[in-house]
Amino acid sequence: MLIKYLAALLLPGLLVLLFTRVCYNRVIALILTVALIATSVYKGYTHTMTLIIIDAFSLTAGFWLASKMKPRKSGSRS
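Note that the structure is predicted; figures quoted are calculated from it, not measured. (Residues numbered from 1 in each chain as written. Predicted model: local features only at pLDDT ≥ 70, side-chain atom pairs only at ≥ 80, totals over all residues. Heavy atoms only, no water.)

**Here's the deal with helix α1 (residues 2-23)**
This is how the line gets drawn: The secondary structure listing takes helices from DSSP runs of H or I that are at least 4 residues long and strands from runs of E that are at least 2 residues long, numbered from the N terminus. For a helix, the expected span equals 1.5 Å multiplied by the number of residues minus one. Here the bend at a residue means the angle between the axes of two seven-residue stretches, the one that ends at it and the one that starts at it. Note on contacts: a residue pair qualifies if any of its non-hydrogen atoms lie within 4.5 Å across the two residues.
For α1, which comprises 22 residues, the first-to-last C-alpha distance of 32 Å matches the rise-based estimate of 32 Å (1.5 Å per residue) to within 8%. Remark: the principal bend of α1, roughly 30°, maps to Ala8, with a proline, Pro12, within the next four residues. Of the surrounding elements, those touching the buried residues of α1 are α2 (26-43) and α3 (49-68). Note on α1: the residue one or two positions beyond its end, Tyr24, has a positive phi of about 60°.

Encoded structure:
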């Protein structure tokens, strides 16, 4: 059960950051991550309200960190 709580604390925030880097839009990244969490709740992988609250906290932290990332310069491609 401890692994579920650690995963709920880390993975949603990391997914928001990953999706932000892939699609360059933090709102779309947040929507994609919420859709993944809603699917896991629907399938029954999230059993308690505590896990959902921890997921929401991690989403908020990931969204905040995504807003702090440096924007990509439009003229520089590597």
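**Observations regarding the environment of Val27**
Short version of the rule: Only protein chains enter the accessibility calculation, which uses a 1.4 Å probe; a residue is then buried when its area is under 20% of its type maximum, exposed when over 50%, and partly exposed in between.
With respect to the secondary-structure elements, Val27 resides in helix α2. Residue classification places Val27 among the partly exposed positions, given a relative accessible area of 45%. Sequence separation between Val27 and Met49 is 22 residues, and the spatial gap between their C-alpha atoms is 24 Å.

**Structural notes on the environment of His47**
In plain terms, the rule: Side-chain atoms alone can form a polar contact between residues adjacent in sequence; in general such a contact is a pair of N or O atoms within 3.5 Å, and within protein one must be able to donate a hydrogen while the other accepts it.
Relative to the elements of secondary structure, His47 occurs in the loop between α2 and α3. Each C-alpha atom, one on His47 and one on Lys4, is 10.0 Å from the other, the two residues being 43 residues apart in sequence. Among the polar contacts listed, one links the side chain of His47 to the side chain of Lys4, at a separation of 3.4 Å. A distance of 3.4 Å separates a polar side-chain atom of His47 from the backbone oxygen of Gly44.

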